[in-house]
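# Breakdown of the fold
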Amino acid sequence: MAETSEEVAVLVQRVVKDITNAFRRNPHIDEIGLIPCPEARYNRSPIVLVENKLGVESWCVKFLLPYVHNKLILYRTRKQWLNKDELIDVTCTLLLLNPDFTTAWNIRKELILSGTLNPIKDLHLGKLALTKFPKSPETWIHRRWVLQQLIQETSLPSFVTKGNLGTIPAERTHRLIQEEMEVCGEAAGRYPSNYNAWSHRIWVLQHLAKLDVKPEIPTSEIGEFSLRGDFNSTILEEQPFPFSSYGFMFQEERTPDEVERAKTELMTWVQILSLLVTWGK
């Protein structure tokens, strides 16, 4: 195991390179996770790629995170230079393990605006980060920023015409909302009372409505998003007024499961009301 600063630097550079190579070998990676492993047992890479799943052995994180974090701080304070490829690789590694590091997302914003980084890759990176950290606020915030750039055709002309999203605005917008509905659904599936996922879903629908695009979303999807099939009409019968769930959460002698269900029901009502307002415009 690495001990000296030189050994740590070599280890981290190898891990960052291994992560980059994993995405090159399989651009369809759809989930990341930590593999419990308190120490390095074999002389091999701690990055494990099995089909579309990317795993990081936990023992290397205590070396990896501080190193790449410090590297970006030095770059940001102009004490160390990193070229564009290094910036992309280092920020990718850091955000997969700590997606709430705002500086890394800001650096990637600059890379997108300069035409160096494909914004579609950032949507994919955020989607992966959410498989491990579904509530990450910075990831959702950055995702909305990227979507705004994609919606504004004149801001990113070098990418919107290269087959990533098509060249027809309506078609591109439909594909964007389809992807966002899936991302929100997956995040809510991992944490049903995920306020950030619900808020993002509402934001997407509201902003797409401004473009006069009304995506076809079956009403059953509302239930799928909230409780993965456990939601049904009985919720509407048991909770005829949305704020009854809010009051229920603060009543005494409620079990954690009851409170969690009340929170989810309240969020369901918020989503329904948002859909009604959006479609009514």
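The structure reproduced in this document is the subject of the present report. Given the structure is predicted, the values throughout are model-derived calculations rather than measurements. (Residues numbered from 1 in each chain as written. Predicted model: local features only at pLDDT ≥ 70, side-chain atom pairs only at ≥ 80, totals over all residues. Heavy atoms only, no water.)

Take the pairing of strand β3 (residues 53-57) next. With four of its five residues buried, β3 lies for the most part within the structure. One ladder, built from five bridges, connects strand β1 (residues 31-35) with β3; its direction is parallel. Within β3, the residue paired with L34 across the bridge is V56. In this structure, strand β2 (residues 47-50) lies alongside β3, joined through four bridges in antiparallel fashion. Across the sheet, residue L49 finds its bridge partner in β3, namely L54. Connecting β2 to the antiparallel partner β3 that follows it, the hairpin turn spans two residues, and E51 within it adopts a positive phi of roughly 55°. (Buried < 20%, exposed > 50% of the residue type's maximum accessible area, 1.4 Å probe, protein only. Helix = DSSP H or I, 4+ residues; strand = E, 2+ residues; numbered from the N terminus. Pairing = 2+ DSSP bridges.)

This next bit is on the layout of surface pockets. Taken as a whole, the largest pocket holds about 910 Å³ of empty space. If you go around the largest pocket, you meet 27 residues; those closest to its centre are F23, P27, I120, K121 and H124. At the level of secondary structure, the elements contributing two or more residues to the lining of the largest pocket comprise α1 (5-25), α3 (84-97), α5 (119-132) and α8 (169-190). For the lining of the largest pocket, the class distribution of residues is 12 nonpolar, six polar and nine charged. (1 Å grid on protein atoms, 1.4 Å probe; cavity = no way out; pocket = protein on both sides within 12 Å on 5 of 7 lines; lining within 4 Å. Points joined across faces, edges and corners; volume = space filled by probe spheres on them. Nonpolar A, V, L, I, M, F, W, Y, C, P; charged D, E, K, R; others polar.)

Here helix α4 (residues 102-113) contains 12 residues, and its C-alpha end-to-end distance of 17 Å stays within 8% of the 16 Å for a straight helix at 1.5 Å per residue. When we look at burial in α4, the residues that qualify are A104, W105, I107, R108, K109, L111 and I112. If you follow the buried residues of α4, they end up packed against α2 (61-76), α3, α5 and α6 (137-151). G115 occupies a position one or two residues after α4 and carries a positive phi of about 85°. (Expected span 1.5 Å × (residues − 1). Contact = heavy atoms within 4.5 Å.)

Moving on: α6. Counted at 1.5 Å a residue, the expected span for α6 with its 15 residues is 21 Å, and the 21 Å between its end C-alpha atoms agrees. Among all positions in α6, only T139, W140, H142, R143, R144, W145, V146, L147, Q149 and L150 are buried.

Evaluation of the coordinates by the stated rule reveals one aromatic pair. Considering the side-chain rings of Y75 and W81, the 6.3 Å spacing of their centres and the 50° angle between planes classify their relative orientation as tilted. Accessibility expressed as a relative area gives 67% for W81, which makes it exposed. K109 extends its terminal NZ or CZ atom over the ring of W145, reaching a point 5.5 Å from the ring centre. (Phe/Tyr/Trp six-rings, centres within 6.5 Å; stacked < 30°, edge-to-face > 60°. Lys NZ or Arg CZ within 6 Å of the ring centre and 35° of its normal.)

Turning next to the environment of E31. Along the chain, the position of E31 falls in strand β1. Since its relative accessible area comes to 29%, E31 is described here as partly exposed. When the C-alpha atoms of E31 and G55 are compared, they prove to be 8.5 Å apart, with 24 residues separating the residues in sequence. Among residues more than four places away in sequence, those in contact with E31 are N52, K53, L54, L128, T131 and R190.

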